[in-house]
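Single-letter residue listing:
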Amino acid sequence: MLRKTLTFLLLCVLLLFLVQLGLFAYRYFGDTPTLPVSNVPAEHITLPGITQAGSLGINANEIHYEDASIPFIDLFRVASPFAENVLGLRSDNVQYDSNGWPTDLRGGEAGTKFLGKLPPEILPEGDYSVLYDGVGKLRYGHDVKVVSQAAGREVIRFVAGADGLLDASVVITQTDSANPLRNIRILPPGGICQHDPLTWVMTAQACAPAGDYLAFERYYQSIVFNPDYLRFMKDFSTIRFMGMSGITRNPVVHWQDRPRLEEANWGGTYGARGVPVEVMVDLANRLNKDAWFNLPHAADDEYMRSFAAYVRDHLQPNLKVYLEYTNEAWNTTFSHSEYTQKKGIELGYGNHAVEAGYRYYAQRSRELFALWEDVFGGRERFVRVLGAWDTRPDITQKLLNYDETYRFVDAVAIAPYFGGNVKGFRESTTVDEIFALTTDPESYRSLPEVLKMVGKQATLAQQYGLDLLGYEGGQGLVDWVTRDAAQHPNPLFFAANRDPRMGALYRDFLNGWQAAGGKLLMLFSAPRTCQWYGCWGLKEHIRQPREQAYKYAAVMDVMAENAATQVAASTPASVEPASPQKPR
């Protein structure tokens, strides 16, 4: 009896060994390689840095599933938090952990969107891998087609819907509370060649003969950023992280409440979305770009010091930081403005809320600069920026004069947007009329009027020994009363942005900015689709060809001309060696 029992146990062990051997062979030699997903991280590898000069800066976008810049190779990074319940599921009783992952569905479901209202050409066709840890079941919605499903790894495809756009969602329908389904990663087909992180390739053969193919599914933790996104951003000198950091209408106070790497996702609505500082610094380092950081309006001193310490220790020392307290504190449509007004009144800066807010903004800016100077042990690595209103040099002067604030800043920054005659736009019936209003010197916020105000702001800044920067800028064709892309005058705005004449206007704008005395200008913005709230992107999506994106093409042309001018200016008139006796 004992011998039979032992024989049976040995057979079971042998059978288990053969099953494991078969799984091993399938995983590593089969047609579809997979990653171990249970507590096994993706492989890391060092990628080369990128060096490309540029004379203009760019604003990175907010993190949202409708963002057409597609910054991350893991598409789930931009999804909204499950707790926001953007799909309207039965999820009132769902419990979440500190990182936002559902731990107990309690009879409900938890879901989110990770793509929304995007053109299908924004991503390559093919099989996308969905990896996850834990135990549970997923369901997909909108334009997602399931190819295969297995524990820990599923395969999906995207097929645009009847509207011709891509929307994609995922729902956790079951989860094991003892080992919840978590760490969802949605990774595209293909990868990069290790020596070229800017080019998306679909097969290892594309990297021959070097043989350094890095598949997204296997190396996503090292690759991090969409190569298309890196290729777009590389051309600019500086990245402004205001939108990406999520500070807009964000009441965060304490450092422990900042965006964190461990969070389920970084998208969402105001106050929830935002990319960790670690990721923003990583992007600046990879692209060798100066970084423009905006600190949240309600952040306490510890937050500002901790942010400064991380940047000091991790941003490449050759890179410059532009430092700005909040964003558009003068703009009463933002909660930042309300906050500064209340703080100003609390501190006894008068009962005129707006004026008190201006004064508090100047004071808190000085405090921020002093904190960073203390952390850095000097201010050689950063530029102290005071934000102002482009058409209101009188406000700029007030800000600079409050308690001699001008002595504690290096630059004033405005946002020169041209094209703001909303009344005229509403009365327009053709694109020609839109362009006429945008270029007429007598029209409100026409390009000539905006450049005239830039000149006044530059003169004022020079009187205080400061530079004039542009924290944002570009065309500003928008009617904030509308709520639908098809609502007039939005179709005219979209057509104007897609017209070659807009490219010509951008050339005039950029050359006019420089001629008026403006220095670094941060264009607004990285690729975005045209919506009722504006057509702000230099491209309408990250893969839009240059010949279809007239604003982008004009910007590239102007930067190339600037670079050529700089080379010509630095080139000696003669190739003969200079004689030490000749005067210079």
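Details of the structure are given in the entry above.
Attention here is on the structure that accompanies the text. (Residues numbered from 1 in each chain as written. Predicted model: local features only at pLDDT ≥ 70, side-chain atom pairs only at ≥ 80, totals over all residues. Heavy atoms only, no water.)

### Points about empty space enclosed by the protein
- Under the definition given, this model contains three cavities of 30 Å³ or more.
- Reported here for the largest cavity is a volume of approximately 120 Å³.
- Elements with a contribution of two residues or more to the lining of the largest cavity: helix 5 (277-287), strand 15 (290-295) and helix 6 (301-314).
- In terms of residue class, the lining of the largest cavity is built from twelve nonpolar, three polar and one charged. (1 Å grid on protein atoms, 1.4 Å probe; cavity = no way out; pocket = protein on both sides within 12 Å on 5 of 7 lines; lining within 4 Å. Points joined across faces, edges and corners; volume = space filled by probe spheres on them. Helix = DSSP H or I, 4+ residues; strand = E, 2+ residues; numbered from the N terminus. Nonpolar A, V, L, I, M, F, W, Y, C, P; charged D, E, K, R; others polar.)

### Section: unusual backbone geometry
- Between Ala208 and Pro209 the backbone carries a cis peptide bond, its omega angle lying at 5 degrees.
- Within the secondary structure layout, Pro209 lies in the loop between strand 12 (196-201) and strand 13 (213-215).
- Of note, the phi angle at Val224 is positive, near 60 degrees, even though the residue is not glycine.
- Relative to the helices and strands, Val224 resides in the loop between helix 2 (216-223) and helix 3 (227-233).
- In the Ramachandran plot, Asp403 falls in the positive-phi region, its phi being about 50 degrees despite a non-glycine side chain.

### Overview of the packing of aromatic side chains
- Under the defined criterion, the tally for this structure stands at 32 aromatic pairs.
- The interplanar angle of 25 degrees and the centroid separation of 5.5 Å between the aromatic rings of Phe232 and Tyr552 together place this pair among those described as stacked. With Phe232 in helix 3 and Tyr552 in helix 15 (residues 550-570), this pair connects stretches of sequence that are 320 residues apart.
- Its relative accessible area of 8% is what places Tyr552 among the buried residues.
- Judged by centre distance (5.5 Å) and plane angle (15 degrees), the rings of Trp372 and Phe376 are stacked. Residue Trp372 and its partner Phe376 are located together in helix 8 (residues 353-376), separated by four residues, close to a single helical turn. Side by side, Trp372 and Phe376 carry an identical accessibility label, which is buried.
- An aromatic cluster of three or more residues is present, and its members are Phe241, Trp255, Phe293, Tyr303, Phe307, Trp372, Phe376 and Phe382.
- One cation-aromatic arrangement involves Arg392 over Trp389; the distance from NZ or CZ to the ring centre is 5.4 Å.
- Over the face of the ring belonging to Trp200 we find Arg543, whose NZ or CZ atom lies 5.0 Å from the ring centre. (Phe/Tyr/Trp six-rings, centres within 6.5 Å; stacked < 30°, edge-to-face > 60°. Buried < 20%, exposed > 50% of the residue type's maximum accessible area, 1.4 Å probe, protein only. Lys NZ or Arg CZ within 6 Å of the ring centre and 35° of its normal.)

### Some points on the pairing of strand 5 (residues 128-133)
- Within strand 5, six of the six residues are buried, leaving the element largely enclosed by the surrounding structure.
- Both faces of strand 5 are covered, namely the face carrying Tyr128, Val130 and Tyr132 and the face carrying Ser129, Leu131 and Asp133.
- Relative to strand 10 (residues 182-187), strand 5 runs antiparallel, the two sharing four bridges. Directly across from Ser129, in strand 10, lies its bridge partner Leu187. (Pairing = 2+ DSSP bridges.)

### Some remarks on the nonpolar core
- Counting 154 residues, the largest nonpolar core has Phe114, Phe158, Ile184 and Trp372 as its most contacted members.
- Among the elements that line this core, the one with the most residues is helix 8, at eleven residues.
- Once you skip the residues sitting within four places of it in the chain, Ile184 turns out to touch Asp74, Phe76, Phe82, Trp101, Val130, Leu131, Tyr132, Leu138 and Ile172.
- In this structure, Leu47, Trp200, Tyr220 and Ile223 belong to the second largest nonpolar core, which totals eleven residues. (Core = buried A, V, L, I, M, F, W, Y, C linked by side-chain atoms within 4.5 Å. Contact = heavy atoms within 4.5 Å.)

### With respect to the pattern of salt bridges
- Here the structure, examined in full by the defined rule, presents 38 salt bridges.
- Salt-bridge contacts for Asp410 lead to Arg384; the nearest nitrogen and oxygen are separated by 3.0 Å. With Asp410 in the loop between helix 9 (393-401) and strand 18 (411-414) and Arg384 in strand 17 (residues 382-387), the pair connects residues that are 26 residues apart, well separated along the chain.
- Residue Asp410 is classed as partly exposed on the basis of its relative accessible area of 26%.
- For Arg384, a relative accessible area of 5% gives the class buried.
- Members of the salt-bridge network, linked through shared partners, are Arg507, Arg546, Asp557 and Glu561. (Salt bridge = Lys/Arg side-chain N within 4 Å of Asp/Glu carboxyl O.)

### Examining the state of the cysteines
- Under the criterion given, the structure shown has two disulfides.
- What pairs with Cys530 in a disulfide is Cys535, and their sulfur atoms sit 1.7 Å apart.
- Classification of Cys535 as buried rests on a relative accessible area of 2%.
- For the chain, numbering the cysteines in disulfides from first to last along the sequence yields the connectivity 1-2, 3-4. (Disulfide = S-S within 2.5 Å.)

### Considering the side chain of Thr326
- Considering the arrangement of structural elements, one finds Thr326 in the loop between strand 16 (321-325) and helix 7 (335-346).
- Sequence-distant contacts of Thr326, defined by excluding residues within four places in its chain, comprise Ile247, Asn294, Leu295, His297, His336 and Tyr361.

### What to know about the packing of helix 7 against helix 8
- Between helix 7 and helix 8, whose axes approach to 7 Å, the crossing angle comes to 90 degrees. In terms of axis orientation, helix 7 runs roughly perpendicular to helix 8. For the pair helix 7 and helix 8, contact is made by Tyr339, Thr340, Gln341, Lys343, Gly344 and Ile345 and by Ala353, Val354, Ala356, Gly357 and Tyr360, respectively.
- Residues of the contact of helix 7 with helix 8, tallied by class, amount to six nonpolar, four polar and one charged. (Axes fitted to C-alpha atoms, helices over the stretch in contact; angles between N-to-C directions. Parallel < 35°, antiparallel > 145°, perpendicular 65-115°, else oblique.)

### Some details on the sheet that holds strand 10
- Taken in spatial order, the four strands of this open sheet run 7-8-5-10, and their pairing is antiparallel. Sheet topology places strand 7 (144-150) and strand 10 at the edges, where each strand pairs with a single neighbour. Averaged over all neighbouring strand pairs, the angle between strand axes comes to 20 degrees, with direction disregarded.
- Pairing of strand 7 with strand 8 (residues 153-158) involves six bridges; the strand directions are antiparallel. By the bridge assignment for strand 8, Gln149 is matched with Glu154.
- Of the strands in this sheet, strand 5, strand 8 and strand 10 touch helix 2, which is tilted by about 105 degrees from strand 10.

### A few points about the packing of helix 11 (residues 431-439) against helix 13 (residues 490-497)
- Interhelical geometry of helix 11 versus helix 13 gives an angle of 75 degrees and a closest axis separation of 9 Å. Between helix 11 and helix 13, the interaxial angle falls into the category roughly perpendicular. Of the residues in helix 13, those in contact with Val431, Ile434 and Phe435 of helix 11 are Leu492, Phe493, Ala495 and Ala496.
- Residues of the contact of helix 11 with helix 13, tallied by class, amount to seven nonpolar, no polar and no charged.

### A closer look at the layout of surface pockets
- Roughly 1,500 Å³ of volume is contained in the largest pocket.
- Looking at the largest pocket, it is lined by 48 residues, and the ones nearest its centre are Phe334, Trp480, Phe524, Tyr533 and Trp536.
- Across the lining of the largest pocket, the residue classes break down as 22 nonpolar, 14 polar and twelve charged.

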